[in-house]
Amino acid sequence: LAKERGKNNYQFYTLEMTERSMERLTIERGLRHALVHDELRLHYQPQVDTDSGLIIGAEALLRWHHPEWGLVYPDRFIAVAEETGLIVPIGAWVLHTACLQAKTWLEQKGPFKCVAVNVSPRQFVESNLFETIKQTLAETGLPPDALELEITESAVMQDPENTLRVLQQLQALGVRLSIDDFGTGYSSLTYLRRFPVQSVKIDRSFVMDLPNDEGSKTLVRAIIALAHELKLHVVAEGVETDAQFSFLKTQQCDALQGYMFSKPLEPQQLKIGITTAEF
Ligand code: C2E
Ligand code: MG
Ligand code: MG
Ligand code: MG
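What counts as what
- The residue numbers shown here count from 1 along each chain, following its written sequence.
- Chains carry letters from A onward and ligands carry numbers from 1 onward, assigned in written order.
- Residue-level local features of this predicted model are given only where pLDDT is at least 70; pairs of side-chain atoms are given and counted only at 80 or more, and the full residue set underlies all totals for whole chains, interfaces and linings.
- To obtain the side-chain values, all non-hydrogen atoms of the structure were used and water was disregarded.
- In this text, helices come from DSSP runs of H or I with a minimum length of four residues, and strands from runs of E with a minimum of two, each type numbered from the N-terminal end.
- A 1.4 Å probe rolled over the protein chains alone gives each residue an accessible area, and that area as a share of the maximum for its type sets the label: buried under 20%, exposed over 50%, partly exposed in between.
- Pairing of N or O atoms within 3.5 Å defines a polar contact, subject to two protein rules: one partner must be a possible hydrogen donor and the other a possible acceptor, and residues neighboring in sequence count only if both atoms are side-chain atoms.
- Residues count as neighbours in contact if any of their non-hydrogen atoms are within 4.5 Å of one another.
- Any nitrogen, oxygen or sulfur atom within 2.8 Å of a metal ion counts as a donor, with the limit raised to 3.2 Å for Na, K and Ca, and since water is left out, coordination shells can look unfinished.
- Angles run from 0 to 180 degrees between N-to-C directions of axes, and those axes are lines fitted to C-alpha atoms, restricted for helices to the stretch in contact.
- Put simply, angles under 35 degrees are roughly parallel, angles over 145 are roughly antiparallel, angles from 65 to 115 are roughly perpendicular, and the rest are oblique.
- In this scheme, a crossing is called left-handed if the near helix is turned counterclockwise away from the far one by less than a right angle; it is called right-handed if the turn is clockwise.
- Summary of the metric used: pLDDT quantifies the predictor's per-residue confidence within the range 0 to 100.
- To qualify as a nonpolar core, a set must consist of buried Ala, Val, Leu, Ile, Met, Phe, Trp, Tyr and Cys residues joined through side-chain atoms within 4.5 Å.
- Proximity is defined per residue: if any heavy atom of the residue lies within 4 Å of a molecule or strand, that residue is considered near it.
- Amino acid classes used here: Ala, Val, Leu, Ile, Met, Phe, Trp, Tyr, Cys and Pro are nonpolar; Asp, Glu, Lys and Arg are charged; the rest, including Gly, are polar.
- Whenever a carboxyl oxygen of Asp or Glu lies within 4 Å of a side-chain nitrogen of Lys or Arg, that contact is scored as a salt bridge.
- A pair of aromatic rings is counted whenever rings of Phe, Tyr or Trp (Trp by its six-membered ring) have centres within 6.5 Å, and the orientation is called stacked for planes under 30 degrees apart, edge-to-face for over 60 and tilted otherwise.
- Charge-over-ring placement is defined geometrically: NZ (Lys) or CZ (Arg) within 6 Å of the ring centre, and within 35 degrees of the ring normal.

- The name given to the chain in an unreviewed UniProt entry is cyclic-guanylate-specific phosphodiesterase, with the source organism recorded as Methylomonas methanica.

Here you go:
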């Protein structure tokens, strides 16, 4: 029986693998097409200043408007884009588009501070990320401190020396750097000390079970205290409820992002400077 089941499992796996590699191929081809035919879009999720309740920034989140599949979310294509290297041209498009958008928000003279852009490990390794960013800022006229790059600990882990070098160049240029999904990777503390970042984003998995789960409470308190001790700005992601909000406010988390305030929006829907009460 065990043998039979093993055999079936094997067949099941190979079938699944074939289907997966075909899907990957379809996505890869689709992405190449998307880049040329202008099917990519950015949505922006407001970042809210905890004390004032004002929208002070936004995270750019990639969307793919596929002519047949409809709106496709990054979880379905970012991994393929990374593996194929397509994330390099896609990432350059994201940077350019987000900087152009941020420029218009900055010109509105409100409390808008910066746009946050996610950057993949591959963009550090494979492209001259520093030059791309420098050029993008020059082309769009966006001041460097109005751009924040979100990097994950895994990005740093893949090639710490190279990543550190690029981050130092970017810091010297005046770009802001943030560690995304903080707490989910390895060696967080080491990198906090070594890398020139200005902020950390507490991962949604820690925010999710606030304020009832003791473990999450302890962790979030500790992350905020540690970050503040290191003079870092703290953003919480995935804030969905009033109870999470008031816990984070009590703990003096600096900024908040989540469905409680707003889902990611099309750029024209986002009104910088209004308070959360006006949503
Ligand atoms: P992330 O950078 O951690 O972004 C946060 C994700 O959580 C977004 O998903 C956002 O829509 C979602 N989110 C925000 N608030 C809430 C909430 O209150 N509840 C829940 N359940 N979810 C919330 P999204 O847009 O699907 O993006 C997923 C991931 O894809 C991002 O995670 C990021 O790692 C990656 N990604 C998105 N855009 C880009 C991009 O332009 N370049 C790269 N390299 N990666 C990107
Ligand atoms: Mg992010
Ligand atoms: Mg995140
Ligand atoms: Mg995340």
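Don't stop here, the text continues.
1. Quick notes on the side chain of Ser 120
- Note on placement: Ser 120 falls in the loop between β4 (114-118) and α4 (121-126).
- Note on Ser 120: relative accessible area 9%, which makes it buried.
- Engagement of the side chain of Ser 120 in a polar contact is seen with the side chain of Glu 82, the distance being 2.7 Å.
- Leaving out residues up to four positions away in the same chain, Ser 120 has contacts with Glu 82 and Ile 87.

2. Side note on the coordination of the magnesium ion (ligand 2)
- Bound to the magnesium ion (ligand 2) on the protein side are Glu 59 (OE), Asn 118 (OD1), Glu 150 (OE) and Asp 180 (OD), at distances that span 2.0 to 2.2 Å.
- Summarised as a motif, the one-chain spacing of the donors to the magnesium ion (ligand 2) is E-x58-N-x31-E-x29-D.
- Separating the magnesium ion (ligand 2) from the magnesium ion (ligand 3) is a gap of 3.6 Å, which Asp 180 spans by donating to each of them. A residue pair is termed long-range when its members are at least 10 positions apart, and Asn 118 in strand β4 and Asp 180 in strand β6 (residues 176-182) qualify at 62 residues.

3. Topic: the coordination of the magnesium ion (ligand 3)
- Summarising the metal site, the magnesium ion (ligand 3) is bound by the protein donors Asp 180 (OD), Asp 181 (OD) and Glu 237 (OE), whose distances to it range over 2.0 to 2.5 Å.
- Between consecutive donors of the magnesium ion (ligand 3), the numbers of intervening residues give the motif D-D-x55-E.
- Under the relative-accessibility criterion, Glu 237 is labelled buried at 13%.

4. Side note on the packing of helix α5 (residues 129-140) against helix α7 (residues 160-173)
- In contact at an axis separation of 9 Å, α5 and α7 are set at 20 degrees when each is read in the N-to-C sense. Classed by the angle they form, the pair α5 and α7 counts as roughly parallel. Between α5 and α7 the crossing geometry is right-handed. In this structure, α5 uses Leu 129, Phe 130, Ile 133, Lys 134 and Leu 137 to contact α7, whose residues at the interface are Val 166, Gln 169, Leu 170 and Leu 173.

5. Some points on the confidence of the model for the chain
- On average, residues of the chain score 90 in pLDDT, and 91% of them are at 70 or above.
- Overall fold confidence for the complex sits at a pTM of 0.92, while the interface term, ipTM, reaches 0.98.

6. A closer look at the nonpolar core
- In terms of nonpolar packing, the biggest core is built from 73 residues, with Tyr 44, Ile 133, Leu 147, Leu 149 and Leu 248 touching the most fellow members.
- In terms of residues, this core owes the most to one element, helix α3 (residues 87-106), which gives 8 residues.

7. Considerations on the site of ligand 1
- Near ligand 1 you find 23 residues, and of these Arg 63, Asn 118, Ser 120, Glu 240 and Tyr 259 are the closest.
- Contact distances for ligand 1 include 2.9 Å between an oxygen atom and a side-chain N or O atom of Asn 118.
- Looking at the shell around ligand 1, the elements that each hand over two or more residues are β2 (55-66), α2 (74-84), α3 and β6.
- Ranked by the residues each element gives to the shell around ligand 1, the list is headed by β2, at 4 residues.
- Residues that form the shell around ligand 1 fall into these classes: 9 nonpolar, 5 polar and 9 charged.

8. Some remarks on the pattern of salt bridges
- Evaluated as defined, the whole model comprises 8 salt bridges.
- For Glu 107, the salt bridge is made with Lys 103, and the minimal N-O distance between the two is 2.8 Å.
- Taking the shortest distance from any N to any O, the salt bridge between Glu 150 and Lys 201 comes out at 2.7 Å. Separated by 51 residues along the polypeptide, Glu 150 in strand β5 (residues 147-152) and Lys 201 in strand β7 (residues 199-202) bring together distant segments of the chain.
- Classification of Glu 150 as buried rests on a relative accessible area of 1%.
- Given the relative accessible area of 1%, Lys 201 is considered buried.
- Within this structure, Glu 59, Glu 150 and Lys 201 form a network of salt bridges that share partners.

9. Regarding the packing of aromatic side chains
- All chains considered together, the criterion is met by 5 aromatic pairs.
- Seen in terms of ring centroids, Trp 64 and Phe 77 are 5.6 Å apart; in terms of plane orientation they differ by 85 degrees. Their pairing is edge-to-face. Separated by 13 residues along the polypeptide, Trp 64 in strand β2 and Phe 77 in helix α2 bring together distant segments of the chain.
- For Trp 64, a relative accessible area of 0% gives the class buried.
- Ring plane angle 80 degrees and centroid distance 5.7 Å describe the contact between Phe 245 and Phe 261, whose orientation is recorded as edge-to-face. With Phe 245 in helix α11 (residues 242-250) and Phe 261 in the segment after β9 (255-256), the pair connects residues that are 16 residues apart, well separated along the chain.
- Of the aromatic side chains, those joined through ring pairs into one cluster are Tyr 44, Trp 105 and Phe 112.
- For Arg 76, the ring lying beneath its charged end belongs to Trp 69, and the centroid distance is 5.3 Å.

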